[in-house]
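Here is how the chains run, residue by residue.
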Amino acid sequence: MKLVPLDDKVVLKKLQAEETTKSGIVLPGQDKEKPGQGEVVAVGPGGVIDGKEVKMQVKVGDKVVYSKYSGTEIEIEEDKYLIVKQSDILAIIE
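Only a predicted model underlies this, so the values are computations on that prediction, with no experimental measurement involved.

**Q** Is there a simple way to explain unusual backbone geometry in this structure?
**A** Note: most residues except glycine have negative phi, and most peptide bonds are trans. A positive phi angle is found at D7, which is not glycine, with a value near 50°. Note that D7 resides in the segment before β1 (9-14). A relative accessible area of 41% means that D7 is categorised as partly exposed. Positive phi outside glycine occurs at D50, with the angle close to 50°. Along the chain, D50 falls in the loop between β3 (47-49) and β4 (52-54).

**Q** Looking at this model, I keep getting lost on the side chain of S70. Mind explaining?
**A** Tracing the backbone through its elements, the reader meets S70 in the loop between β5 (63-66) and β6 (72-76). Polar contacts involving the side chain of S70 include one to the main-chain carbonyl oxygen of S67, which spans 2.8 Å. If we ignore the near neighbours within four places in the chain, the residues touching S70 are L82, V84 and D88.

**Q** Can you walk me through the nonpolar core in this structure?
**A** One broad rule of soluble globular proteins: the nonpolar side chains tend to lie buried together. Counting residues in hydrophobic clusters, the biggest one holds twelve residues: V10, L12, V40, I49, V54, M56, V58, V64, Y66, L82, V84 and I89. Every element with two or more residues in this core is listed here: β1, β5 and β7 (79-85). Among all residues touching M56, those that are not within four sequence positions of it are D7, D8, K9, V10, V43, G44, P45, G46 and Q86.

**Q** So what exactly am I meant to see when it comes to the pairing of strand β2 (residues 36-43) here?
**A** In the sheet, β1 pairs with β2 via five bridges, with the strands oriented antiparallel. From the neighbouring strand, L12 faces β2, where its bridge partner is V40. In this structure, β2 lies alongside β5, joined through four bridges in antiparallel fashion. Residue pairing in the sheet places Q37 in a bridge with V65 of β5.

The rules behind these values
- Residues numbered from 1 in each chain as written.
- Predicted model: local features only at pLDDT ≥ 70, side-chain atom pairs only at ≥ 80, totals over all residues.
- Heavy atoms only, no water.
- Helix = DSSP H or I, 4+ residues; strand = E, 2+ residues; numbered from the N terminus.
- Buried < 20%, exposed > 50% of the residue type's maximum accessible area, 1.4 Å probe, protein only.
- Polar contact = N/O pair within 3.5 Å; in protein donor to acceptor, adjacent residues only side chain to side chain.
- Contact = heavy atoms within 4.5 Å.
- Core = buried A, V, L, I, M, F, W, Y, C linked by side-chain atoms within 4.5 Å.
- Pairing = 2+ DSSP bridges.

Okay, here's the thing in structure tokens:
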């Protein structure tokens, strides 16, 4: 199955937050405290949204940080994805 986002939407594959440090210390509840991280798997075309021109700034393969409580989570073939607006993406990880 292929997801094709519309307008200014972006499909992200959720990345798991590290729950242990390099020295092996377990960090319980780590995922709850941080914004989420994901990898861009599909990008909408952008265009005119609410009367404003929206240019897509992310591309497939980018790793990004997104707002914790944003988007719609879906599961396809046991993989978890998140569909968010581009404005919900806080940063690109380089």
